[in-house]
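# Examining the three-dimensional arrangement
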Protein chains: 2
Amino acid sequence: MSTSPTAANPFPLEAAPRRGLGLFLRKIEHWTRLDAADRAALLGLSHSVRHFFRHATIVRERDRPTHSCVLLSGLTIRHKLVSSGARQIVGIQVAGDMIDLQNSMFEIADHSIQTLTTAEVALVPRQALRDLAASRPSVGTAMWFDTLLDASIAREWIANVGRRDARTRLAHLLCEMAVRFEMAGIGRQSCYELPMSQEQIADALGLTSVHVNRMLKALEGDGLIVRTRRSVTIADWAQLIRAGDFDSTYLHLEQRSPGSIQ
Amino acid sequence: MSTSPTAANPFPLEAAPRRGLGLFLRKIEHWTRLDAADRAALLGLSHSVRHFFRHATIVRERDRPTHSCVLLSGLTIRHKLVSSGARQIVGIQVAGDMIDLQNSMFEIADHSIQTLTTAEVALVPRQALRDLAASRPSVGTAMWFDTLLDASIAREWIANVGRRDARTRLAHLLCEMAVRFEMAGIGRQSCYELPMSQEQIADALGLTSVHVNRMLKALEGDGLIVRTRRSVTIADWAQLIRAGDFDSTYLHLEQRSPGSIQ
DNA sequence: CGCCCATTTGACAGCTTTCAAATCGCGTGG
DNA sequence: CCACGCGATTTGAAAGCTGTCAAATGGGCG
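Residues numbered from 1 in each chain as written. Chains lettered and ligands numbered in written order. Predicted model: local features only at pLDDT ≥ 70, side-chain atom pairs only at ≥ 80, totals over all residues. Heavy atoms only, no water.

### Some words on unusual backbone geometry
All names here are of chain B. Quick reminder of the rule: Labels follow the DSSP assignment, with helices taken as runs of H or I lasting at least four residues and strands as runs of E lasting at least two, numbered in each case from the N terminus. With a 1.4 Å probe rolled over the protein chains alone, any residue whose accessible area is under 20% of its type maximum counts as buried; one over 50% counts as exposed, and the rest are partly exposed.
Look at Arg229: it is not a glycine, yet its phi comes out positive at around 55 degrees. Tracing the backbone shows Arg229 in the loop between strand S9 (225–228) and strand S10 (231–234). According to the relative accessible area criterion, Arg229 is exposed, its value standing at 75%. Phi at Asp245 takes a positive value of approximately 50 degrees, unusual for a residue other than glycine. On the secondary structure map, Asp245 appears in the segment after helix H9 (237–243).

Structure below.
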């Protein structure tokens, strides 16, 4: 994995995969500075690890969650249902992401969380997380940053669904997942497994599965990607980025500036 | 203003408008408990107040902001541009909201912020805010909650734009603004001023202004709202809520549970 | 009174959905 | 090893919601 941008790999990231909550630590240390005690407190957070099957529901809308979860491996989605019965996926989480901070801090879950693949999840009691934020403010700030990033991605999704046509939306999603997988240290950027059915992709993009199918074929026909089952190979990064109107600013890959956080 | 739900006013909130940063304090105390020292520290935050004209740009995408802002009065929007030149409004802020926490914590702004009306803004130096979060963890947690709410609203918008038809989207926005104005203590819920042109509403909903016009007329024709210039009177709350598939769970109006936060 | 911008209206085009039906992929069982 | 079954993917044709383009109308301000 290279550490400087190239045409083939415009969004490199140092490789430093870790186990357990360390994945989450690695992620938040990208923007915030933590000292040894902070790290120890985070890694020492009491938690239990639970395994979920594919398509399992981790949190259901309107639940009153008692734990916050960190995704250790696998892929999950957040989704909402609207009255017509249609479903909208409002976010995708990869290993190292907090998957229901959103829900666990408030009383009532405003969306559901499901696994796309088998997944390992670290369950942290709500109160333990809040206590940690209180006792180690730097960690609290770091988790806050994580929430800010989540919100930033959500805003980009609003723009994606609201103002881009189907082909562009799809290309944008493919770019985002490539970069996020790379950030999380899963798979290479130019070729990755996207364990989503076309119907799930459609639910993430506000389209129908039929149309997603057509657009996937269009992107493939234009030589931007190559598909074999559910693995995606990006054949032409520059073109796909252009096709997807993709600008990674919203992912805030920028390194923390020296001294930006105590 | 009543304090218990009624058919005409399903989302009451105790009235306690305050001046300056107190508005923000009032908002975040809805979910988190702050002690006197916390409050004093927040209210004592060094800041300057700046006035903006209508349609002024407060933060521009790709800026490197040096301050975080709290909106003291007026209305602002966040928006993004896509390559086709179209604009998507990804959020609306009312008095008491932090309007560019999102931008100011990261290095590079991922969206722009503009005023819809003349607006008063409290500018807080980035570092002061971070120092506050470090020295008063409860305040840090409270601001984190604010970000979580913002993210929750963004997710609802994704669902709104992605999976609801034009009429429903519009009704949903009208419901949301009614509740948020009421939460913020601005105007009554059943009748409020929405200082947005139909083009701006369109940009918020991922529609065209022409179609927004048609849908506004449809809602009015069906007797759900009455319009006079840009003020909206909700003639039939129950029906509008149904038409907009509106469920206020995502606004997390639930009061903090006793002892939920130290 | 007149200009300018926002709103309104109508006709038409187009992107996406809908509805089926056919095909494919793959795990299961014979 | 091959047949079967079931869900996912593909494909085609037609309908529909929303967008586009233009022109008319309306309202506020100088």
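### Details of the relation of the copies chain B and chain A
Selection rule: To superpose the copies, least squares is applied to the C-alpha atoms of every residue with a pLDDT of at least 70 in both. Any two residues whose heavy atoms approach within 4.5 Å at even a single point are treated as in contact.
Mapping chain B onto chain A leaves a residual RMSD of 0.0 Å; the transformation is a rotation of 180 degrees accompanied by 0.0 Å of translation along its axis. What we have between these two chains is a two-fold relation. Comparing contact sets, 100% of the residues at the interface of chain B also lie at the interface in chain A, consistent with an isologous, same-surface contact.

### Concerning the packing of helix H4 (residues 126–135) of chain A against helix H5 (residues 137–163) of chain B
Applied cut-off: What counts as an axis is a line fitted to C-alpha atoms, over the stretch in contact for a helix, and the angles between N-to-C directions run from 0 to 180 degrees. An angle below 35 degrees is treated as roughly parallel, one above 145 as roughly antiparallel, one from 65 to 115 as roughly perpendicular, and anything else as oblique. Crossing handedness is read from the near helix: turned anticlockwise from the far helix by less than a right angle, it gives a left-handed crossing, and turned clockwise, a right-handed one. Under the convention adopted here, Pro, Cys and the residues Ala, Val, Leu, Ile, Met, Phe, Trp and Tyr are nonpolar, Asp, Glu, Lys and Arg are charged, and Gly plus all remaining residues are polar.
Remark: H4(A) packs on H5(B), axes separated minimally by 8 Å, with the N-to-C direction vectors making an angle of 125 degrees. Taken together, the axes of H4(A) and H5(B) are oblique relative to one another. For the element pair H4(A) and H5(B), the recorded crossing hand is right-handed. Residue-level inspection shows A:Arg130, A:Ala133 and A:Ala134 of H4(A) in contact with H5(B), the latter providing B:Pro137, B:Thr141, B:Trp144 and B:Phe145. For the contact of H4(A) with H5(B), the class distribution of residues is 5 nonpolar, 1 polar and 1 charged.

### Describing the protein's contact with DNA strand D
Defined as follows: By convention in this text, a residue qualifies as near a molecule or strand provided that one of its non-hydrogen atoms is within 4 Å of it. Nitrogen and oxygen atoms within 3.5 Å of one another constitute a polar contact, given that in protein one can donate a hydrogen and the other can accept it, and given that sequence-neighbouring residues count only through two side-chain atoms.
By nearness alone, 17 residues border DNA strand D, and A:Gln198, A:Asn213, A:Lys217, B:Ala166 and B:Thr208 come closest of all. Near the protein, within 4 Å, the atoms of DNA strand D are sugar or phosphate in 77% of cases. Contacts to DNA strand D include A:Gln198, whose side-chain N or O atom sits 2.6 Å from a phosphate oxygen. A distance of 3.0 Å separates a phosphate oxygen of DNA strand D from a polar atom in the side chain of B:Thr208. Elements supplying a minimum of two residues to the surface near DNA strand D: helix H8 (209–221) of chain A together with helix H8 (209–221) of chain B. When residues of the surface near DNA strand D are assigned to their parent elements, the largest contribution, 4 residues, is made by H8(A). Taken together, the residues of the surface near DNA strand D break down into 4 nonpolar, 6 polar and 7 charged.

### Description of the sheet that holds strand S1 (residues 48–52) of chain A
Residue and element names in this part refer to chain A. This is how it is decided: Two strands are counted as paired when DSSP detects at least two bridges linking them.
Taken in spatial order, the 3 strands of this open sheet run S1-S7-S3, and their pairing is antiparallel. A single partner strand is all that each edge strand has here, and the edge strands are S1 and strand S3 (67–73). With direction set aside, neighbouring strand axes in the sheet form an average angle of 30 degrees. Of the strand pairs in this sheet, S3 and strand S7 (residues 119–125) are connected by 6 bridges, and their pairing is antiparallel. Its bridge partner lying in S7, Ser68 is registered against Val124. The sheet contacts of H4 involve S3 and S7, and relative to S7 the element is tilted by about 70 degrees.

### Describing the sheet that holds strand S10 (residues 231–234) of chain A
All names here are of chain A. Here 3 strands make up an open sheet; going across it, the order is S8-S10-S9 and the pairing antiparallel. Taken across any chain shown, the strands that pair with only one partner, and hence form the sheet edges, are strand S8 (191–193) and strand S9 (225–228). Strand-to-strand twist across the sheet, computed as the mean angle between neighbouring axes with direction ignored, equals 20 degrees. Bridge count for S8 against S10 is 3 bridges, and the pairing is antiparallel. From the neighbouring strand, Tyr192 faces S10, where its bridge partner is Val232.

### With respect to the protein's contact with DNA strand C
Taken together, 17 residues are adjacent to DNA strand C, and A:Ala166, A:Arg229, B:Gln198, B:Asn213 and B:Lys217 come closest. Considering the 4 Å shell around the protein, atoms of DNA strand C inside it are sugar or phosphate in 77% of instances. A distance of 2.7 Å separates a phosphate oxygen of DNA strand C from a polar atom in the side chain of A:Arg229. Residue assignment for the surface near DNA strand C shows that the elements contributing at least two residues are H8 of chain A together with H8 of chain B. If one sorts the elements of the surface near DNA strand C by residue count, H8(B) sits on top with 4 residues. Tallied by class, residues from the surface near DNA strand C come to 4 nonpolar, 6 polar and 7 charged.

### Some thoughts on the side chain of B:Gln93
Residue and element names in this part refer to chain B. Residue position: Gln93 is located in strand S5 (residues 87–93). Given the relative accessible area of 2%, Gln93 is considered buried. A polar side-chain atom of Gln93 sits 3.3 Å from a polar atom in the side chain of Arg78.

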